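Remarks on the overall topology
Now for the letters of each chain:
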Amino acid sequence: MSWDWLQRNAGLIASLLGQHAILALAPVLVALVISLPLGFAVYRTGRGAKVILAVLGVISSIPALALLVVVPLLLGTSILSRVNVAVALTVYSVALLIRSVVEGLRSVPDRVRQSARAAGLGRSRRLLRIELPLAMPVIFAGLRRVTVSNIALVTVAALVASGGLGTLLQLGYTSRFYTPLIAGLVLTVLLALVADAALRLIQRGTLPWTRARRA
């Protein structure tokens, strides 16, 4: 490790860390907004949900590098554009989060739904006040998984687009000077740990009844 190199390039490293966070987390936020209504729609299809989830599973299994190459052909953008990274990661995130939304809604006990119907709650009020809050622990688990996955995938994006900590990994590998490579790896892991911890705190703050249930 060359600490002198790290000090001289602290500004560059901080800039790449910020780019990495934005490239990884922005698609998660967009995907969450898209996945909540789509997930509910898939859940309401009943048996058809199995087919839709199977298709989404195929999408999520496509290698990240292949999708990053295909997206520019579909959008007509430059292969080095960061838009490709954002679109590809959003597609991945939506495919994974819809499954979490469906699984979360399926985890709500039938007796709870029946009690809500007996209390006179309509479908929309049941969804917003009963079903969705009870499904949120499962959705948060999927959200954490997608977030950590995206942070890892952005490092791969450095092979076809600029920006992010993957640039440090690429620099260290091509130059055989391993200080930037080690720095990129460590910061990627730390960013994933911090993001996961932040989501845990948000979950504990917004879903206090889950703490009471565990106690």
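Our subject in this report is the structure included herewith. Since the structure is predicted, the reported quantities are computational estimates derived from the model, not experimental observations. (Residues numbered from 1 in each chain as written. Predicted model: local features only at pLDDT ≥ 70, side-chain atom pairs only at ≥ 80, totals over all residues. Heavy atoms only, no water.)

1. A word on the overall build of the protein chain
To be explicit about the condition: Strands are runs of DSSP state E lasting at least two residues, helices are runs of H or I lasting at least four, and both sets are numbered from the N terminus onward. The classification of residues rests on relative accessible area computed with a 1.4 Å probe and restricted to protein chains. Under 20% of the type maximum is buried, over 50% is exposed, and intermediate values are partly exposed. Per-residue and other accessible areas were derived by the Shrake-Rupley procedure at a 1.4 Å probe size, with only the shown protein chains allowed to occlude residues.
Looking only at helices and strands, the protein chain features 10 helices and zero strands. Going residue by residue from the N terminus, the α and β elements of the protein chain occur as α-α-α-α-α-α-α-α-α-α. Along the longest, intermediate and shortest principal axes, the C-alpha atoms of the protein chain span 70 × 45 × 20 Å. The 215 residues of the protein chain split such that 41% are buried. Carbon and sulfur atoms provide 68% of the accessible area of the protein chain, an area that totals close to 11,600 Å².

2. Examining the packing of helix α7 (residues 123-157) against helix α9 (residues 178-206)
What counts here: Here, axes are lines fitted to C-alpha atoms. For helices the fit covers the stretch in contact, and angles between N-to-C directions go from 0 to 180 degrees. When describing relative orientation, an angle under 35 degrees is termed roughly parallel and one over 145 degrees roughly antiparallel, while 65 to 115 degrees is termed roughly perpendicular and anything else oblique. The sense of a crossing depends on the near helix, which, turned anticlockwise from the far helix by less than a right angle, makes the crossing left-handed and, turned clockwise, makes it right-handed. Residues count as neighbours in contact if any of their non-hydrogen atoms are within 4.5 Å of one another. In this classification, the charged set is Asp, Glu, Lys and Arg, the nonpolar set is Ala, Val, Leu, Ile, Met, Phe, Trp, Tyr, Cys and Pro, and all remaining amino acids, among them Gly, are polar.
Following both chains from N to C, one finds α7 and α9 inclined at 165 degrees, their axes separated by 10 Å at the closest point. Between α7 and α9, the angle falls in the class roughly antiparallel. In the crossing of α7 with α9, the sense of the turn from one axis to the other is right-handed. Where α7 abuts α9, its residues Pro137, Phe140, Leu143, Arg144, Thr147, Val148, Ile151 and Thr155 lie against Thr188, Leu191, Ala192, Ala195, Asp196, Leu199, Arg200, Ile202, Gln203 and Thr206. Tallied by class, the residues present in the contact of α7 with α9 amount to 10 nonpolar, five polar and three charged.

3. What to know about the packing of aromatic side chains
Using the following cut-off: Aromatic rings from Phe, Tyr and Trp, with only the six-membered ring used for Trp, were paired whenever their centres fell within 6.5 Å, and each pair was classed as stacked if the ring planes differed by under 30 degrees, edge-to-face if by over 60, and tilted otherwise.
Applying the stated criterion to the full structure yields one aromatic pair. On the numbers, 5.9 Å between centres and 70 degrees between planes, the contact of Trp5 with Phe177 is edge-to-face. One end of the pair, Trp5, is in helix α1 (residues 3-8); the other, Phe177, is in the loop between α8 (166-175) and α9, with 172 residues separating them in the sequence. Judged by relative accessible area, Trp5 falls into the buried class, the value being 10%. Accessibility expressed as a relative area gives 31% for Phe177, which makes it partly exposed.

4. Considerations on the environment of Val101
Position of Val101 relative to the elements: it lies in helix α5 (residues 82-106). Residue classification places Val101 among the buried positions, given a relative accessible area of 2%. C-alpha of Val101 to C-alpha of Phe40: the two residues are 61 residues apart in sequence and 7.0 Å apart in space. Here Val101 is in contact with Ser35, Leu36, Gly39, Phe40 and Ile139, once residues within four sequence places are set aside.

5. Digging into the pattern of salt bridges
As a reminder of what qualifies: The salt bridge criterion pairs a side-chain nitrogen of Lys or Arg with a carboxyl oxygen of Asp or Glu, the two atoms within 4 Å.
According to the stated counting rule, one finds five salt bridges in the structure shown. Between Arg144 and Asp196 there is a salt bridge, with its nearest N and O atoms 2.8 Å apart. Here the residue Arg144 occupies a position in helix α7, and Asp196 occupies one in helix α9, the gap between them amounting to 52 residues. Here the two residues Arg144 and Asp196 agree in accessibility, since each one is buried. Because the salt bridges share partners, they merge into one network encompassing Asp110, Arg113 and Glu131.

6. Structural notes on the packing of helix α4 (residues 64-75) against α5
Two elements in contact, α4 and α5, have axes whose closest approach is 9 Å; the angle formed by their N-to-C orientations is 115 degrees. Regarding α4 and α5, the two cross each other, and that crossing is right-handed. Of the residues in α5, those touching α4 at Ala64, Leu67, Leu68, Val71, Pro72 and Leu75 are Val83, Asn84, Val85, Val87, Ala88 and Tyr92. Along the lines of polarity and charge, the residues of the contact of α4 with α5 split into 11 nonpolar, one polar and no charged.

7. Examining the nonpolar core
The cut-off we apply is this: Buried residues of nine kinds, namely Ala, Val, Leu, Ile, Met, Phe, Trp, Tyr and Cys, make up a nonpolar core once their side-chain atoms join them within 4.5 Å.
Membership of the largest hydrophobic core comes to 23 residues, with the highest contact counts inside it found for Val42, Leu53, Ile98, Val102, Leu105 and Leu143. Take this core: its biggest share by element is seven residues, from α5. Ignoring any residue separated from it by four or fewer positions in sequence, one finds Val42 in contact with Ala49, Ile52, Leu53, Ile98 and Val102.

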